[in-house]
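# Structural description and commentary
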Amino acid sequence: MLSNSVFNPMSPQAQAISNLTIFLMLVGLLIALGVTGVMFYALIRFRARPGQEGEPPQTFGITRVEIAWTVSPFVLVTLLFFVSVSAMQHSSPGQIALNDGARSEPRITIIGHQWWWELRYPSGVVTANVLHIPVGQRWVAAVKSYDVIHDFWAPQLGPKIQAVPGQTNYIWLEADRPGVYHGDCAEFCGAGHAWMLFDVVAEPMAKFKAWEQQQLHQPPPPQSRPPAMGYTSSEVTSGAKLFTYYACQSCHYVRGVNGASSQPTVDYGPNLTHVGSRSIIAAGAVSNTAAHMEQWLLNPDSIKEGVHMPNFQLSETQARDLSAYLESLR
Ligand code: CUA
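Below you will find a few notes about this structure. Residue positions are given per chain, counted from 1 along the sequence in the order it is written. Reporting in this predicted model follows two pLDDT cut-offs: at least 70 for local features of residues, and 80 or more for side-chain atom pairs to be given and counted; totals over whole chains, interfaces and linings ignore these cut-offs and use all residues. Values reported for side chains reflect all heavy atoms of the structure, with hydrogen atoms and water molecules removed beforehand.

Let's shift gears to the packing of helix α5 (residues 233-245) against helix α8 (residues 316-327). Every angle, taken between N-to-C directions, lies between 0 and 180 degrees, and every axis is a line fitted to C-alpha atoms, over only the stretch in contact when it is a helix. Counting from the N terminus, the helices are the DSSP runs of H or I reaching at least four residues and the strands are the DSSP runs of E reaching at least two. Packing of α5 against α8 brings their axes to within 7 Å, and their N-to-C directions diverge by 100°. It follows from the interaxial angle that α5 and α8 lie roughly perpendicular. Taken together, the residues of α8 that come into contact with α5 (itself represented by Glu235, Val236, Ser238, Gly239, Ala240, Leu242 and Phe243) are Gln318, Arg320, Asp321, Leu322, Ala324, Tyr325 and Leu326. In the contact of α5 with α8, the residues fall into 8 nonpolar, 3 polar and 3 charged. Should an angle fall under 35 degrees it is called roughly parallel, over 145 degrees roughly antiparallel, and 65 to 115 degrees roughly perpendicular, with every other angle called oblique. Only heavy atoms matter for contacts: two residues are in contact if any of them lie within 4.5 Å across the pair. Note on residue categories: nonpolar means Ala, Val, Leu, Ile, Met, Phe, Trp, Tyr, Cys or Pro, charged means Asp, Glu, Lys or Arg, and polar means any other residue, Gly included.

Laid out in structure tokens, this is it:
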């Protein structure tokens, strides 16, 4: 079965949508077979035969037939209407569900940016593009936009939901089984739209809590931080200097550089406080490896055309040092 497909649902919400899709396709297929069947029957049964002259006998106004083809589509469309409404109720929180007090408190706020996803948890965790949820729990997620209209969609977990500037939309987030579910932005939002991907990591509650604790933890200062991905400590400390020299912190929050709060005071670019622990960078355009991070820093446009991050014309050594610093942020 295809992964990342509506035909491989992994939540009750996605299941409702998948069932509806299959049901609609079957109904459509039956109608198509019926119409073409009658057409071929008529073509053969009433074909012109040798010796036949002129027009065949014409019939007008058979009341019974006219009633049949008026009433049957009406019944069919009414049935489809109720089936669709039922699927909508099962896949999205309606106003009734949202008015349900504490249970409808958003457990996560998802904010679309050109071209990445900001993820804010009530616990104070703020991260980007890799969304962690505990498996088997139904969360209400609030979906917003920082700039233009985006569309949050994890096909295996539920419906699309638009991120509209100045408006909050709600969605249920739930996964039946642990796993990583891919999603993307499903509405054209500018040059980087195709690379506005995300991952939903569904994991057991204990693992989720551990992740949350790790995200709330402030990384130690660069000189006392273990280097990652084969870099050295001296590369990490030189990278830390380059980070402030190039004023990266004016777009990206790093706890300990911009301030001590876990709440970012800068949100133009993703919070980088734990960027080294994320599986993807550049909103899923590439996996988080040392080589990809260096390429990204040397020329962001080569990975995501149109990206708002400038090319700082770094040397290869500078890109290496800066990458060492970023990958040590865990
Ligand atoms: Cu955001 Cu398309």
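In a regular helix each residue adds 1.5 Å, so 12 residues correspond to 16 Å; α8 covers 16 Å between its end C-alpha atoms and thus fits that length. For every residue, the accessible area obtained with a 1.4 Å probe (protein chains only) is divided by the maximum for its type, and the residue is called buried under 20%, exposed over 50%, and partly exposed between those limits. Of the positions making up α8, those classed as buried are Ala319, Asp321, Leu322, Ser323, Ala324, Tyr325, Leu326 and Glu327. The inward-facing, buried residues of α8 abut α5 and α6 (290-298). To estimate how far a helix should reach, multiply one less than its number of residues by 1.5 Å.

Salt bridge, as used here, is a side-chain nitrogen of Lys or Arg placed within 4 Å of a carboxyl oxygen of Asp or Glu. This model, assessed by the stated rule, comprises 4 salt bridges. Arg138 serves as the salt-bridge partner of Glu174, at 2.9 Å between the closest nitrogen and oxygen. On the criterion of sequence distance, the pair formed by Glu174 in the loop between β8 (169-173) and β9 (179-185) and Arg138 in the loop between β4 (130-134) and β5 (139-145) is long-range, its members being 36 residues apart. Under the relative-accessibility criterion, Arg138 is labelled partly exposed at 42%. Glu235 is the salt-bridge partner of Arg320, the closest N and O atoms lying 2.7 Å from each other. With Arg320 in helix α8 and Glu235 in helix α5, this residue pair connects regions lying 85 residues apart in the sequence.

The subject of this paragraph is unusual backbone geometry. Omega for the bond connecting Gln114 with Trp115 falls within 30 degrees of zero, at 0°, which places this linkage in the cis form. In this structure, Trp115 sits in the loop between β1 (108-113) and β2 (116-120). If you check the backbone angles, Asn129 has positive phi at about 65° while not being a glycine. For Met229, which is not glycine, the phi dihedral falls at a positive 55°. Looking at the secondary structure, you find Met229 in the loop between α4 (205-216) and α5.

What follows is about the packing of aromatic side chains. Aromatic pairing here means that ring centres of Phe, Tyr or Trp (its six-membered ring) are within 6.5 Å. Orientation follows from the plane angle: under 30 degrees is stacked, over 60 is edge-to-face, and everything else is tilted. For the structure on display, the rule yields 14 aromatic pairs. Taking the centre distance of 6.4 Å and the plane angle of 90° together, the rings of Tyr41 and Phe46 count as edge-to-face. With relative accessibility at 52%, the residue Tyr41 sits in the exposed group. Ring geometry for Phe243 and Tyr325: centres 5.3 Å apart, planes at 50°, overall tilted.

Right, let's get into the pairing of β5. For β5, the tally of buried residues reaches 6 of 7 residues, placing the bulk of the element in the interior. The pairing of β1 with β5 spans 5 bridges and is parallel. Of the residues in β5, the one forming a bridge with Ile110 is Val143. Only strands joined by at least two bridges in the DSSP assignment are considered to pair.

This part covers the sheet that holds β2. The mixed open sheet is built from 5 strands, whose spatial order is β3-β2-β1-β5-β8. Only two strands of the sheet have a single neighbouring strand rather than two, namely β3 (126-128) and β8. Taken over all neighbouring pairs, the strand axes of this sheet differ in orientation by 25° on average, direction set aside.

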